[in-house]
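Notes for the structure review
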Amino acid sequence: MRRIIMLGVAASALGLGVPSSVLAHCPLCTVGAVAIGLGAYQLGVSTLSVGIALGAAALALGLWMAKLVRRQYVRGQRAVIALFVFATTVVPVAPLLPGARGLYIPWVGQYGTTLVLPNVLIGAVIGGLLVLLAPGVSRAFTRLSGRHVAFQGILTVMALLAAVLAVVELTT
């Protein structure tokens, strides 16, 4: 019995026996993101807003994890790691939350084509862009005011997210 338990622990440590459909960087993170997203949706928050918050958190986590690899193996390695973490956090959540929007592309095909994109993915891209935009806004604030406030970077991200989420919730 002890031998079977040890084999099970070793297989788990090596990732053997893990379903191939779970491709997230951390299954616990993905389950947590799904739970929070579904909970927010059940409380009446739009799926677009859930996507914005999820995308911002996913990209912030990806940028943080990209800094953990100290040696650079390929050019653009940090961006690739951040994008991978972002995708593996957001994509598994998208099928679980309802709502989609059509994107008409007139120059594809004779009559154009329409892509149906989940609201969560649209929101996640917006949230990720807000996280990327925040350092520039923070620098502009410092340049205009002439001083740097403690925790200004975090406050800038939170203020941008709060403003965009308020606009989304009031207009949708």
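Residues numbered from 1 in each chain as written. Predicted model: local features only at pLDDT ≥ 70, side-chain atom pairs only at ≥ 80, totals over all residues. Heavy atoms only, no water.

**Brief notes about the overall build of the protein**
Filter applied, for reference: Secondary structure elements follow DSSP: runs of H or I of four or more residues count as helices, runs of E of two or more count as strands, with numbering from the N terminus. Computed by Shrake-Rupley with a 1.4 Å probe, the accessible areas treat only the displayed protein chains as cover when residues are assessed.
Scanning the protein from N- to C-terminus turns up six helices and two strands. Traced from its N-terminal end to its C-terminal end, the protein shows the element sequence α-α-α-α-β-β-α-α. Element-wise, carbon and sulfur atoms account for 72% of the exposed surface of the protein, whose accessible area totals about 11,700 Å².

**Considerations on the packing of helix H3 (residues 47–68) against helix H5 (residues 119–145)**
Relative orientation and spacing of two packed helices are given, respectively, by the angle between their axes and the distance between those axes. Heads up, the rule is: In this analysis an axis means a line fitted to C-alpha atoms, helices contributing only their contacting stretch, and an angle means the value between N-to-C directions, from 0 to 180 degrees. In this scheme, roughly parallel covers angles under 35 degrees and roughly antiparallel covers those over 145, while 65 to 115 is roughly perpendicular and the rest are oblique. For a crossing to be left-handed, the near helix must be turned anticlockwise from the far one by less than a right angle; the clockwise case is right-handed. Contact between two residues is taken to exist if any of their heavy atoms lie within 4.5 Å; hydrogens are not considered. Here the term charged refers only to Asp, Glu, Lys and Arg, the term nonpolar to Ala, Val, Leu, Ile, Met, Phe, Trp, Tyr, Cys and Pro, and the term polar to all other amino acids, Gly among them.
Two elements in contact, H3 and H5, have axes separated by 6 Å at closest approach and are oriented at 45°. By the angle between their axes, H3 is oblique relative to H5. The element H3 and its partner H5 pack so that their crossing is right-handed. On H5, the residues touching Thr47, Leu48, Gly51, Ile52, Leu54, Gly55, Ala56, Leu59, Ala60 and Leu63 of H3 are Asn119, Val120, Ile122, Gly123, Ala124, Ile126, Gly127, Gly128, Leu130, Val131 and Leu132. In terms of residue class, the contact of H3 with H5 is made up of 14 nonpolar, seven polar and no charged.

**Side note on H5**
Inclusion rule: For a helix, the expected span equals 1.5 Å multiplied by the residue count minus one. Two axes enter the definition of the bend at a residue: one is fitted to the seven residues ending there, the other to the seven starting there, and the bend is the angle between them. In this scheme, a residue with accessible area under 20% of its type's maximum is buried, one over 50% is exposed, and one in between is partly exposed, where area comes from a 1.4 Å probe on protein chains only.
Here H5 spans 37 Å end to end across 27 residues, near enough to the 39 Å set by a 1.5 Å rise per residue. Considering bend angle alone, the principal kink of H5 is centred on Leu133 and spans about 35°; proline Pro135 follows within four residues of it. Three or more residues of H5 are buried, namely Asn119, Val120, Gly123, Ala124, Gly127, Gly128, Leu130, Val131, Ala134 and Ser138. Residues of H5 that are buried in the fold lie against H3, helix H4 (77–90), strand E1 (100–105), strand E2 (113–118) and helix H6 (152–171). Positioned one or two residues after H5, Gly146 has a phi angle of 80°, which is positive.

**Details of H6**
Along its 20 residues, H6 runs 28 Å from first to last C-alpha, staying within 8% of the 28 Å computed at 1.5 Å per residue. Burial in H6 covers these residues: Gln152, Thr156, Leu160, Leu161 and Val168. The elements touched by buried residues of H6 are H3 and H5.

**Description of the nonpolar core**
Where we set the bar: In this description, a nonpolar core means a group of buried Ala, Val, Leu, Ile, Met, Phe, Trp, Tyr and Cys residues linked to one another through side-chain atoms lying within 4.5 Å.
If you look at the biggest cluster of nonpolar residues, it comprises 21 residues, and the most contacted ones within it are Phe86 and Val90. Looking at this core, the elements that each hand over two or more residues are H3, H4, H5 and H6.

**So, unusual backbone geometry**
Keep in mind that most residues, glycine aside, have a negative phi and that most peptide bonds are trans. We note that Phe151 has phi near 60°; this positive angle belongs to a residue other than glycine. If you trace the backbone, Phe151 turns up in the loop between H5 and H6.

**Thoughts on a nonpolar patch on the surface**
What counts here: Two distance rules govern patches: like charges are joined within 9 Å, and nonpolar side chains (Val, Leu, Ile, Met, Phe, Trp, Tyr) within 5 Å, applied only to residues with over 30% relative accessible area and no salt bridge. Think of a salt bridge as a Lys or Arg side-chain nitrogen and an Asp or Glu carboxyl oxygen that are within 4 Å of each other.
On the surface, Leu63, Val125, Leu129 and Leu132 cluster together into a nonpolar patch covering about 350 Å² of accessible area. Ranked by residue count, the leading element in the nonpolar patch is H5, at three residues. Position of Leu129 relative to the elements: it lies in helix H5.

**As for the side chain of Thr89**
Definition in use: Two N or O atoms count as a polar contact when they lie within 3.5 Å, although within protein this holds only if one can serve as hydrogen donor and the other as acceptor, and sequence-adjacent residues are included solely when both atoms are side-chain atoms.
On the secondary structure map, Thr89 appears in helix H4. Looking at Thr89, its side chain comes within polar contact range of the main-chain oxygen of Val85, at 2.8 Å.

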